[in-house]
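Residue-level structural notes
Listed below are the residues making up each chain.
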Amino acid sequence: MTELIFRPATKADIEKIVEIMIGEPNQVSTQIGMRMFGIQTMSQAKRLFGTMAKSSENWRFTTLAETNGEVVGILQVSEGSLHMTPRLMITAVLLYGPFFMRKLMPRIQLQQRVQTEPLADAYKIAELHVAPSCRGVGIGSKLLDYAEQEARAAGYSQMALQTWVTNPARQLYERHGFQVVDTRTDAEFEQLTGTPGNYLMVKELNG
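Since the model is a prediction, treat every value here as computed from it, not as a measurement.

1. What to know about the overall build of the protein chain
For the protein chain, the helix and strand inventory stands at eight helices and eight strands. Here the protein chain, with 207 residues, has 46% of them falling under the buried criterion. For the protein chain, the proportion of contacts with a sequence separation of at least 24, taken over those separated by at least 6, is 72%.

As structure tokens, this is what we get:
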């Protein structure tokens, strides 16, 4: 595989970032997000999550991995969060009707039950995704290596990430030295989304 080039994302990259984050219909994070918000189709998911990405401006904290000019992976190190901007509310109503907002806020509150407590002094990986067509060739590992270089250069002593309990990527994180230090689950959340909740995983950078 051609060597990866890492570069900061720009606003023009938002659609590509969303495309890679959503991935494919059977992706764990995509299934959970669609069930969480009651989304029926991938096109609806891309439109809503694209609006969310523009509202949060988390693209400013995103690094892209490229090979041969193609974006094949993303690394985001911000606190990903949903901001209820007027644009997002209008998009949601247009997609799902006027009663959607009535059930959205309770679902956001439900999601908060399975949020692990963030570590204030850690380099926090908020998102790490590889394009579906490029998985299985080590890009995820290279993104984690890049993140660790950045964390060490910035003087952090810990790296942290949150991942769904049912996410198979946990094995990748463990191979890179991350360990589960906290687990947050909720029966109602599992009934809605199909996953019990989240793990907080931490890697010590001593040495």
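Now that the structure is up, let's keep going.
2. Description of unusual backbone geometry
Its identity is not glycine, yet Asn 68 carries a phi of approximately 55°, on the positive side. Considering the arrangement of structural elements, one finds Asn 68 in the loop between strand E2 (62–67) and strand E3 (70–76). Classification of Asn 68 as exposed rests on a relative accessible area of 69%.

3. Overview of helix H6 (residues 139–153)
Its 15 residues give H6 an end-to-end C-alpha distance of 21 Å, which sits within 8% of 21 Å, the value for a rise of 1.5 Å per residue. Looking one or two places after H6, you find Gly 155, whose phi comes out positive at around 85°.

4. Observations regarding the pattern of salt bridges
Within the structure shown, the criterion is met by 10 salt bridges. The salt bridge partner of Arg 113 is Glu 188, with a shortest N-O separation of 3.1 Å. Taken together, the positions of Arg 113 in the loop between helix H5 (100–112) and strand E4 (123–125) and Glu 188 in helix H8 (residues 187–193) put the pair 75 residues apart, joining distant regions of the chain. The partly exposed category is assigned to Arg 113, whose relative accessible area is 44%. Linked through salt bridges whose partners overlap, the residues forming this network are Arg 7, Asp 13 and Glu 66.

5. So, the packing of aromatic side chains
By the definition in use, this model includes four aromatic pairs. Taken together, a centroid distance of 4.3 Å and an interplanar angle of 20° make the contact between Phe 6 and Tyr 146 stacked. Highlighted residues: Phe 6 in strand E1 (residues 5–8) and Tyr 146 in helix H6, separated in sequence by 140 residues. Note on Phe 6: relative accessible area 27%, which makes it partly exposed.

6. Examining the environment of Thr 62
Looking at the element boundaries, Thr 62 is found in strand E2. Sequence spacing of Thr 62 and Glu 127 is 65 residues, and the spatial spacing of their C-alpha atoms is 8.6 Å.

7. Thoughts on the sheet that holds strand E7 (residues 179–185)
Strand order in the open sheet made by the four strands is E4-E6-E8-E7, with mixed pairing throughout. Looking at which strands have only one partner, the edges of the open sheet turn out to be E4 and E7. Neighbouring strand axes in the sheet, compared pairwise and without regard to direction, differ in orientation by 20° on average. Taken strand by strand, H6 contacts E4, strand E6 (158–164) and strand E8 (197–204), and its axis lies near 160° from that of E4.

8. A short note on the nonpolar core
In this structure, Phe 49, Leu 75, Ile 125, Met 159, Tyr 173 and Phe 178 are the most contacted members of the largest nonpolar core, which totals 50 residues. In contact with Ile 125, not counting residues within four places along its chain, are Leu 75, Gln 76, Leu 144, Ala 147, Met 159, Ala 160, Leu 161, Gln 162 and Phe 178.

9. What to know about helix H1 (residues 14–22)
Residues spaced three or four apart along an α-helix face the same direction, because each turn holds 3.6 residues. Taken together, the buried positions of H1 are Ile 14, Ile 17, Val 18, Ile 20 and Ile 22. Immediately beyond the C-terminal end of H1, within one or two residues, lies Gly 23, with a positive phi of roughly 70°.

What counts and what doesn't
- Counting from 1, residues in each chain are numbered in the order their sequence is written.
- It should be noted that, the model being predicted, local features are given only for residues of pLDDT at least 70 and side-chain atom pairs only at 80 or more, the latter also being counted only at that level, while totals for whole chains, interfaces and linings use all residues.
- Only hydrogens and water are set aside when side-chain values are computed; all heavy atoms of the structure are taken into account.
- Helical segments are the DSSP runs of H or I of at least four residues, strand segments are the runs of E of at least two, and each set is numbered from the N terminus.
- Buried means the residue's accessible area, taken with a 1.4 Å probe over protein chains only, is under 20% of the maximum for its type, while exposed means over 50%, and partly exposed covers the values in between.
- Any pair of residues with heavy atoms lying within 4.5 Å of one another is described as a contacting pair.
- For a helix, the expected span equals 1.5 Å multiplied by the residue count minus one.
- Any carboxyl oxygen of Asp or Glu that lies within 4 Å of a side-chain nitrogen of Lys or Arg is treated as forming a salt bridge with it.
- Think of it this way: a Phe, Tyr or Trp ring, Trp meaning its six-membered ring, pairs with another when their centres are within 6.5 Å, and the plane angle makes it stacked under 30 degrees, edge-to-face over 60, tilted otherwise.
- Strands are labelled as partners when DSSP assigns at least two bridges between them.
- To obtain each axis, a line is fitted to C-alpha atoms, and for helices this fit is confined to the stretch in contact; angles are then taken between N-to-C directions over 0 to 180 degrees.
- We call a set of buried Ala, Val, Leu, Ile, Met, Phe, Trp, Tyr and Cys residues a nonpolar core when their side-chain atoms join them within 4.5 Å.

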